[in-house]
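# Analysis of the macromolecular model
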Amino acid sequence: MEEKDNFKDLTIKEQIAELEKRLEEISQKIYQERSTEILSGSIEIEDISYNLTSDNEVVYDITIRNTNTGEENHEFYNKDLDKIDTDKSKIKEMKLMGYDTSMAEKQIEEMENLENNPDKISLSEIKEHDKEIDELSKSLGISREEVAQYAIIDANQEVKVKADELGGLQNDLIPSNEKVNVHYNMKDLIGGDFVSYQIVKTNAGIYKLFGIDKNNYAQEIGQDVVEKMNITNQTVKLIQENGEVKEAKIHAAFRIKSQSDVDRDQVIGICDDGTSDMTSFYGRGVITNEQIVAETIPSKTYSSEKIADREHYFDTMENGVKEFNSVDDQIEEVAERYDVDEDELREEVIKSVDDPSNITKDEIEDVADFLAREPKLEPKEPGTK
């Protein structure tokens, strides 16, 4: 395999193959110089790491261990696999002869610092990710070979795979800039350096929430950010684009964790309203409400008036958990008292005011009274006008 300029963009499988190839080639060079030590077992070539210098030059750092003393030494090779001279005694000689040694001294200093280079990629460290690869393989329901073939290790030493290779049932991508209310978008709620989010039912039959970065690599959103909810026959009151409210069965839901009392009831999930494919939703009411009230995401096109109403309704800065839930509780109580359909009342309440979160109970009762008094049209007989 040809060496790629951007080694860090190679998959784990490609990185291992590349480093093993370079290690074999460099080992042959070392053997030619130190065959006696190698054959006697007094030294062992332990590891190779890929590095970039401050000038973006490729350097391979070879770790050699003295088996008698346990001491580790390092030799360095450039991208052409030529050994880089780090002999300081030669610099002293050159200085005495009047040569400018500043460049050579800088190079030696940089080589000495490579051992502690946080951005280095070593063969041994890559292979230590075997456990993570195993876990990812089981979690996604795909083979170890596939994970190693498509996965990379990012700058934070975390294993990621291409979003296209997640397999399973992949739902709509949710843009990170998707607005869920006046003040917040999805990235504000979930975080991470992602351009979108996606809920996937993996080949293992498990729902997971992933963040997708600008290079289309997926990373599972951790338990420190979201909590997967235990959903059993639970439904959500899903506000449609036309303002109607439908009961939709929840298939998976993740509560968004927050230190704020206001934000603790937010949830993102997947539901089925019985009329279309699975729909991603954002909702509130997960903590204190018996039922979640939600909207579909990503939102389709609808009027600016509806956008304004919807955004205010779900805004955690403008209405706290208590206020949000109390409005919904009032709608339920008033609907029962006036003997009107609860979903119809909620729909009419949302339509009737600019900000449903600030509606008074009297206003809810006025809407319910109108619905209760509105005559119900009986079906006409065929041929009648």
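Going by the structure above, here's the rest.
What counts and how
Residues numbered from 1 in each chain as written. Predicted model: local features only at pLDDT ≥ 70, side-chain atom pairs only at ≥ 80, totals over all residues. Heavy atoms only, no water. Helix = DSSP H or I, 4+ residues; strand = E, 2+ residues; numbered from the N terminus. Buried < 20%, exposed > 50% of the residue type's maximum accessible area, 1.4 Å probe, protein only. Contact = heavy atoms within 4.5 Å. Areas by Shrake-Rupley, 256 points an atom, 1.4 Å probe, with all protein chains shown as cover. Polar contact = N/O pair within 3.5 Å; in protein donor to acceptor, adjacent residues only side chain to side chain. Pairing = 2+ DSSP bridges. Axes fitted to C-alpha atoms, helices over the stretch in contact; angles between N-to-C directions. Salt bridge = Lys/Arg side-chain N within 4 Å of Asp/Glu carboxyl O. Phe/Tyr/Trp six-rings, centres within 6.5 Å; stacked < 30°, edge-to-face > 60°. Lys NZ or Arg CZ within 6 Å of the ring centre and 35° of its normal.

What follows is about the overall build of the protein. A tally of helices and strands in the protein yields 11 helices and 17 strands. Out of the 385 residues in the protein, the part that is buried amounts to 44%. A fraction of 53% describes how many contacts in the protein between residues 6 or more apart in sequence connect residues 24 or more apart. Accessible surface computed for the protein: about 21100 Å², of which carbon and sulfur atoms make up 44%.

Turning our attention to the side chain of K208. Checked against the element boundaries, K208 lands in strand β10 (residues 207-212). K208 sits in the buried class, given a relative accessible area of 12%. A distance of 3.0 Å separates the side chain of K208 from the side chain of S139, its partner in a polar contact. Not counting the four nearest positions on each side in its chain, K208 is found in contact with S139, Q198, I199, V200, T202, E220 and F254.

Moving on, we come to the sheet that holds strand β3 (residues 72-78). What holds strands together in a sheet is hydrogen bonding between their backbones, with the strands either parallel or antiparallel. Overall, antiparallel pairing links the four strands, which are arranged β3-β2-β1-β4 in an open sheet. With one partner strand each, in any of the chains shown, β3 and β4 (121-122) form the two edges of the open sheet. Pairing analysis gives two bridges linking strand β1 (residues 43-52) to β4, with the strands arranged antiparallel. Counterpart to Y50 in the pairing with β4 is I121. Set on the sheet, helix α1 (residues 12-40) makes contact with β1, β2 (58-66), β3 and β4; between it and β1 the angle comes to about 135°.

With respect to the element layout, R346 can be found in helix α10 (residues 342-352). In this structure the side chain of R346 is engaged in a polar contact, spanning 2.8 Å, whose partner is the side chain of E342. Beyond its immediate stretch of four places on either side in the chain, R346 contacts K237, V245, D328 and I331.

Attention shifts here to the pattern of salt bridges. On inspection of all chains with the given rule, the structure shows 19 salt bridges. Between R65 and E44 there is a salt bridge whose closest N-O contact spans 3.2 Å. Of this pair, R65 sits in strand β2 while E44 sits in strand β1; the two residues are 21 residues apart in sequence, bridging distant segments of the chain. For E365, the salt bridge identified is with R337, shortest N-O distance 2.6 Å. Here the residue E365 occupies a position in helix α11 (residues 361-373), and R337 occupies one in helix α9 (residues 321-338), the gap between them amounting to 28 residues. One connected set of salt bridges, linked through shared partners, spans E33, R34, E37, E75 and K83.

A separate point is unusual backbone geometry. Here L81, not a glycine, exhibits a phi torsion of approximately 65°, which is positive. Within the secondary structure, L81 is located in the loop between β3 and α2 (88-96).

Counted by the stated rule, this structure contains three aromatic pairs. Here the aromatic rings of F7 and Y50 are separated by 4.2 Å at their centres, their planes lie at 20°, and the arrangement is stacked. In this pair, F7 sits in the segment before α1 while Y50 sits in strand β1, placing the two residues 43 residues apart along the sequence. In this pair, the class of F7 matches that of Y50, namely buried. Both rings, one in Y50 and one in Y60, keep their centres 6.2 Å apart while their planes meet at 65°; by these two values the pair is edge-to-face. In this pair, Y50 sits in strand β1 while Y60 sits in strand β2, placing the two residues 10 residues apart along the sequence. Taken together, the aromatic side chains of F7, Y50 and Y60 make up a single cluster linked through ring pairs. Sitting over the face of the ring of Y217, K162 holds its NZ or CZ atom 4.4 Å from the ring centroid.

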